[in-house]
Structure formats: structure tokens, C-alpha cells
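# Commentary on secondary and tertiary structure
Given next are the chains, with one letter for each unit.
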Amino acid sequence: MKLVTYDRGDGVGRPGVLLGDGERILDLAAATDGAIASIQALIEGGDATLERARQAEASAANGHMLERSAVRLMAPIEPPIQMRDCLCFETHLKQAFQQARKLRARQFDNPEEAEAEMARKGILSVPETFYEQPIYYKANRFSVVGHETDVIWPRYSKFMDFELEFGIYIGKTAKDIKAADARPYIFGYTIFNDFTARDAQTAEMGGQLGPAKGKDFDTANPMGPCLVTADEFGNPYDKTMICRVNGEEWGRGNTGTMFWSFEQVIEHVSASETLRPGEFLGSGTVGNGCGLEHMRFLSPGDVVELEVEGIGILRNRLVKVD
């Protein structure tokens with residue numbers, strides 16, 4: 001199934017299922033007599049609740065449908081109960097760090113000399129830790145917004161960027177799970193755009209505590225347009241990923257190039273720590289999946305589209321406000 005949370009205009013999130021070509025939505029709460037009040041509740045309900053949702057979808061012709069064009073799609077879970085973003089794509093890291101040194105060097109009187117010095121000292125280079133274990137940070141779940149929601153340019157940034165990612169929702173309580181046993185703990189998948197203030201990010205990463213204001217601002221984390229359940233998504237490691245700005249393709253990649261799989265990430269994160277149904281784990285940016293890798297940056301009013309095969313297109317406009 002393709003699950004959504006939608007808003008009829010009153011700011012209240014309601015659970016739904018995208019039907020057919022995606023132009024209609026099944027009102028999942030109405031179709032189940034209120035038994036499924038949210039996508040979070042659906043996940044927490046386990047297999048029995050998921051089966052009830054499937055039955056409702058199968059009998060959708062009986063009513064409880066509305067046009068997608070009449071509602072606003074929120075993130076599948078807004079906000080998620082917890083979210084972590086990981087670094088799973090080696091190509092992105094190599095290319096992004098190389099360009100980040102160039103960007104950082106622009107702030108010095110002699111950019112070429114500054115860039116060479118950073119390269120010599122290993123500043124803004126792929127850390128050895130990346131090859132030893134999955135790396136992640138806990139993102140701001142309250143910055144999560146949905147499909148076609150405007151992203152507000154943070155006042156302190158001059159260089160804004162997007163990041164083409166996808167990610168998983170945990171389907172059931174997980175602790176000390178081995179990678180070989182982790183696939184059944186994945187409930188489903190969505191697209192994640194990790195908007196980033198590159199100038200703030202490159203300035204703060206030297207503090208070695210991970211990203212802060214580079215990624216931590218209101219509306220920074222669009223997700224959606226839907227949550228595709230694992231059974232429908234199929235093999236997660238053979239999907240095309242494409243990013244476009246104002247209709248122009250800026251880059252593409254494939255989920256199969258992940259250095260760390262989601263199963264390996266689950267093993268690492270769940271070590272002596274309980275993961276709960278509805279938690280989100282992002283993949284990190286696919287190679288060629290952000291402007292920085294091409295030394296191209298966004299402008300106010302740009303519309304960013306992220307497409308992942310089997311999920312759809314997540315579209316957001318970046319705007320400046322006075």
C-alpha cells in the first residue's frame with residue numbers, strides 16, 4: 001500500500017491510502033470506523049491493523065474516497081516519534097567533501113592555499129569512521145513537513161542546498177537485532193529531502209559534534225509524498241533516484257550503491273537501544289544527489305523535485321520571507 005497523511009484544510013492530519021493512479025485517497029479512518037486514526041497508530045497496531053487497512057483498500061469501491069487534488073499531503077507521519085539520518089552513500093561523501101573544501105576556502109583571502117591546507121590536514125574529508133561503522137545524527141523531527149509545502153530559507157544562510165534521500169520506518173520494537181534478521185523490522189519507505197544551509201554546515205562541522213544550524217531550522221525536513229509498505233516496495237537496493245530543480249535534472253543515482261544497508265544500520269542503532277514502531281532512519285544522500293556535488297546552489301523560489309522509483313515525487317519550493 002501507499003499510505004498518506006492528508007489535511008483537508010483544518011490542519012488536522014488524517015490517514016489515507018493512495019488508490020490506483022494516485023489521484024484518489026481512501027479515508028482510512030472512516031473506512032475502518034475509526035479503528036485506524038493515524039499512520040502512526042497503524043504501524044503500532046502491527047500485522048492485524050495492517051491487514052485491516054488492506055481489507056479497507058480492497059473494498060474501497062464502497063466509498064470513503066476523496067480527490068487528492070482537494071487535500072494537502074502532509075509527511076506520512078508528522079512529526080515522526082524519532083528520526084535519525086545516516087551516511088550510507090560513499091560517492092556522495094567523497095564528492096561533497098571535495099566541494100565543501102572549495103566552498104569553505106572561499107571565505108579566506110587565498111582560497112587555493114586554504115583548500116590545499118585543508119586537504120593536507122584531512123579537513124572536510126571522508127572520515128575513517130565511515131568505513132568502520134554506520135554514522136548518523138538525530139535530526140529535528142519538528143522540522144518535518146510534507147509534499148508541496150514551502151521550505152523557508154533560514155536568514156543566516158547564503159548557500160542553500162537539497163539532498164536526495166530515502167528512508168525507512170521501523171515497523172516493530174527492535175533491540176539488539178542482527179543485520180541478517182533486520183528486514184522484517186522495516187515497515188516501509190518514503191523520500192526525504194534534507195535541506196541544508198551549506199555555509200553554516202561547513203563552518204560548524206569543525207566542532208566535531210555533527211551538523212547543527214546547517215540542517216536545524218523550521219521546515220528543513222520534507223518527507224513524502226507517501227509511505228510505501230515494504231511488501232509493495234520490493235527490493236530496496238535497485239531503485240533509481242533523481243533530483244530536479246525547476247524541472248531540470250541535476251543528478252541521479254541508485255539505491256544499490258549504498259555502502260551501508262538499512263539492515264546494517266538497524267543492527268548498529270539497535271545495539272543496547274530500543275527502536276520503536278514509527279521511528280525513521282534516513283539513508284543519507286545518494287551520489288550526485290545534491291547541488292554541492294555539482295557546485296550548484298539554490299535560489300529563492302526554486303522548486304526541488306526528488307523522485308525515487310516505486311515511491312513517487314516529493315516536491316517543495318524554497319522561499320525567502322521578510
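The coordinates are above.
Here goes a summary of the coordinates provided. Values in this document were obtained by computation on a predicted structure and should not be read as measured data.

### Examining the nonpolar core
If you look at the biggest cluster of nonpolar residues, it comprises 56 residues, and the most contacted ones within it are Phe162, Phe195, Ile266 and Leu298. Of all elements in the fold, only strand 1 (2–7), strand 11 (164–170), strand 12 (186–193), strand 14 (221–229), strand 15 (240–245), helix 9 (262–269), strand 18 (303–308) and strand 19 (312–319) reach the threshold of two or more residues within this core. If you look at the next biggest cluster of nonpolar residues, it comprises 26 residues, including Met1, Val17, Leu28 and Leu227.

### Observations regarding helix 3 (residues 46–58)
Here helix 3 is 13 residues long and its end C-alpha atoms lie 19 Å apart, about the 18 Å a rise of 1.5 Å per residue gives. Taken as a whole, helix 3 has its buried residues at Thr49, Leu50, Ala53 and Ala56. The buried side chains of helix 3 occupy one side of the element, clustering within an arc of 115° when seen end-on. Residues of helix 3 that are exposed and point over 90 degrees away from its buried face: Asp47, Ala48 and Ala58. Residues of helix 3 that are buried sit in contact with strand 3 (24–27), helix 1 (28–31), helix 2 (39–44), strand 12 and strand 14.

### Here we look at the environment of Ala53
Mapping Ala53 onto the fold places it in helix 3. What makes Ala53 buried here is its relative accessible area of 0%. Once the C-alpha coordinates of Ala53 and Met1 are considered, the two residues, 52 residues apart in sequence, prove to be 8.9 Å apart. In contact with Ala53, other than residues within four places in its own chain, are Met1, Leu28, Ile36 and Leu42.

### Regarding the packing of aromatic side chains
The description of two aromatic rings rests on the distance between their centres and on the angle between their planes. Applying the stated criterion across every chain yields a total of 13 aromatic pairs. For the ring pair Phe130 and Phe259, a centre distance of 5.1 Å and an interplane angle of 40° mean the geometry is tilted. Note that Phe130 is positioned in helix 6 (residues 129–132) and Phe259 in the loop between strand 16 (248–254) and helix 9, a separation of 129 residues in sequence. Ring centres of Phe162 and Trp250 lie 5.7 Å apart, and the angle between their planes is 50°; this geometry places the pair in the tilted category. One end of the pair, Phe162, is in the loop between strand 10 (160–161) and strand 11; the other, Trp250, is in strand 16, and 88 residues separate them in sequence. Clustering of aromatic rings is evident, with ring pairs tying together Phe130, Tyr131, Phe259 and Trp260. The side chain of Lys320 reaches across the aromatic face of Trp153, ending 4.7 Å from its centre.

### Thoughts on the sheet that holds strand 19
The five strands are arranged 9-19-18-15-16 in an open sheet whose pairing can be described as mixed. In this open sheet, the two edge strands, each paired with only one partner strand, are strand 9 (151–152) and strand 16.

### Here's the deal with unusual backbone geometry
A negative phi angle is the norm for most residues apart from glycine, just as the trans form is the norm for most peptide bonds. Pro79 follows Glu78 through a cis peptide bond whose omega is 0°. Considering the arrangement of structural elements, one finds Pro79 in the loop between strand 5 (72–73) and strand 6 (83–87). A cis amide bond links Gly224 with the next residue in sequence, Pro225, at an omega value of 0°. As for its placement among the helices and strands, Pro225 is situated in strand 14. Within the chain, Asn246 stands out as a residue other than glycine whose phi angle is a positive 55°. Position of Asn246 among the secondary structure elements: in the loop between strand 15 and strand 16.

### Digging into the side chain of Ser283
One can find Ser283 in the loop between strand 17 (280–282) and strand 18. Residues contacting Ser283, with those up to four places away along its chain left out, are Asp85, Cys86, Leu87, Cys88, Phe89, Glu165, Phe166, Gly167, Met258 and Phe262.

Thresholds, definitions, all that
- Residues numbered from 1 in each chain as written.
- Predicted model: local features only at pLDDT ≥ 70, side-chain atom pairs only at ≥ 80, totals over all residues.
- Heavy atoms only, no water.
- Core = buried A, V, L, I, M, F, W, Y, C linked by side-chain atoms within 4.5 Å.
- Buried < 20%, exposed > 50% of the residue type's maximum accessible area, 1.4 Å probe, protein only.
- Helix = DSSP H or I, 4+ residues; strand = E, 2+ residues; numbered from the N terminus.
- Expected span 1.5 Å × (residues − 1).
- Arc of directions from axis to C-beta.
- Contact = heavy atoms within 4.5 Å.
- Phe/Tyr/Trp six-rings, centres within 6.5 Å; stacked < 30°, edge-to-face > 60°.
- Lys NZ or Arg CZ within 6 Å of the ring centre and 35° of its normal.
- Pairing = 2+ DSSP bridges.

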